[in-house]
Amino acid sequence: MPECHFRAARIVDARTLVAVTSKLPELLENNLRWAKKMEAGRPGFFSSLLQQQAPQYLWIGCADSRVPANELVDLAPGELFVHRNVANVVVHSDLNCLSVIQFATDVLQVRHIIVVGHSQCGGVVAALEDRRVGLADNWIRHVQDVRNRHSAWLETLPAGERVNALCELNVIEQALNVCQTTVVQEAWQRGQEIAVHGWVYRLHNGLLKDLTMTVSRLDDAGAAYERALAALHARYAEAARAA
Ligand SMILES: [Zn+2]
């Protein structure tokens, strides 16, 4: 009976919930230790942050727990403005992401917006392989648009390389989307110094790679996009020759 199965699932969920919440005091204790360590290392650190945050960078990354923004670039609280979602997607109608970009650009006046993807991204795997995961399918559809746009090239690659290749293509496309927002375009038009970048994080070695999708002027976006794509194609071709 489906209804009985549903009730059984709810009971298991309740037990699991108890097990999970019983670990929460551990997080609060961790926080206490961390705050003490920070204040001991830099006396007055937290009171200095009360005045005004002045980060130079906006990080748009994946929500994946293995890709914690501040830690990867060794920046302290107050130094990195962060937006994360599944598969680091920048959609022209996503008011959440657009609001972050607008606040970072107009109010905080960050100098750099960095779109950061990562290897073996679960959202990208789902997009590549048409895996159904639920509501998130509708979000991942944007990564499938990237896949479809580059399907001719992706199909030339060995199957084992397509996920990471699509992770990198997705970064380049989303960085282009940032360049095409009205917020960033208007900032460039009024002469504000702000650059858009595309990076990928490699889970296996903890290193970030610049995908050379770097744009600091409206007119440069198209050429930077083509250069980054050409560099990516060349890198995969080189890897295939070396294999
Ligand atoms: Zn991811």
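The written sequence of each chain sets the order in which its residues are numbered from 1. For this predicted model, a pLDDT threshold of at least 70 governs which residues receive local features, and a threshold of 80 or more governs which side-chain atom pairs are given and counted, while totals over whole chains, interfaces and linings are taken from all residues. To get the side-chain values, all heavy atoms of the structure are used, and hydrogens and water are removed first.

When you go through the protein residue by residue, the secondary structure sums to 11 helices and 5 strands. Reported as C-alpha extents along the three principal axes, the dimensions of the protein are approximately 60 × 55 × 40 Å. Each residue is assigned to one of three classes by its accessible area relative to the maximum for its type, calculated with a 1.4 Å probe on protein chains only: buried under 20%, partly exposed between the two thresholds, exposed over 50%. A total of 243 residues make up the protein; the buried ones form 38% of that total. At a minimum sequence separation of 6, the contacts of the protein that also span at least 24 residues come to 61%. Under the convention used here, a 1.4 Å probe and the Shrake-Rupley method define accessible areas, while residue burial counts only the protein chains that appear. If you sum the accessible surface of the protein, you get close to 13,900 Å²; carbon and sulfur atoms cover 56% of it. When the 24 positive and 26 negative side-chain charges of the protein are each reduced to one mean point, those points stand 5 Å apart. Helix numbering and strand numbering both begin at the N terminus, where a helix is a DSSP run of H or I of at least 4 residues and a strand a DSSP run of E of at least 2. Here, two residues are considered to be in contact whenever any of their heavy atoms come within 4.5 Å of each other. Positive charges are assigned to Lys and Arg, negative charges to Asp and Glu, while His and the chain termini are left out of the count. For charged residues, the charge sits on one atom: NZ in Lys, CZ in Arg, CG in Asp, CD in Glu.

Here the focus is the coordination of the zinc ion. Any nitrogen, oxygen or sulfur atom within 2.8 Å of a metal ion counts as a donor, with the limit raised to 3.2 Å for Na, K and Ca, and since water is left out, coordination shells can look unfinished. Within the first shell, the zinc ion binds the protein through C62 (SG), H118 (NE2) and C121 (SG), at distances of 2.0 to 2.3 Å. For the zinc ion, the donor residues sit on a single chain with the sequence spacing C-x55-H-x2-C. Take H118 and C121: they sit in the same class, and that class is buried.

Turning our attention to the confidence of the model for the protein. Per-residue confidence from the prediction method is given by pLDDT, with values spanning 0 to 100. Of the residues in the protein, 91% reach a pLDDT of 70 or more, and the chain-wide mean stands at 92. Overall, residues 1–9 carries pLDDT values under 50, and its contacts beyond four positions in sequence, including any with other chains, amount to 0 contacts.

On the basis of which strands lie adjacent, the open sheet formed by 5 strands has the order β2-β1-β3-β4-β5 and mixed pairing. Bordering the open sheet on either side are β2 (80–85) and β5 (207–210), each of which pairs with just one other strand. Ignoring which end each strand starts from, the neighbouring axes of this sheet average 25 degrees apart. We call two strands paired when DSSP finds no fewer than two bridges between them. Looking at chain direction, strand β1 (residues 57–62) and strand β3 (residues 112–118) are connected through 5 bridges and run parallel. Residue pairing across strands places Y57 opposite H112, the latter belonging to β3. In this description, a line fitted to the C-alpha atoms serves as the axis of each element, helices being fitted only across the stretch in contact, and the angle between N-to-C directions of two axes falls anywhere from 0 to 180 degrees.

Glancing now at the packing of aromatic side chains. Only Phe, Tyr and Trp rings take part, Trp by its six-membered ring, and two of them pair if their centres are within 6.5 Å. Stacked means planes under 30 degrees apart, edge-to-face means over 60, and tilted covers everything else. Tallied over the entire structure, the rule returns 4 aromatic pairs. Pairing F45 with F46 gives two aromatic rings, centres 5.1 Å apart and planes at 75 degrees, and the pair type is edge-to-face. A relative accessible area of 28% means that F46 is categorised as partly exposed. Ring centres of W153 and Y236 lie 5.6 Å apart, and the angle between their planes is 85 degrees; on these two criteria the pair is classed as edge-to-face. Of this pair, W153 sits in helix α8 (residues 151–154) while Y236 sits in helix α11 (residues 221–242); the two residues are 83 residues apart in sequence, bridging distant segments of the chain. Look at Y236 and you get buried, because its relative accessible area is 9%. Taken together, W34, F45 and F46 form an aromatic cluster joined through their ring pairs.

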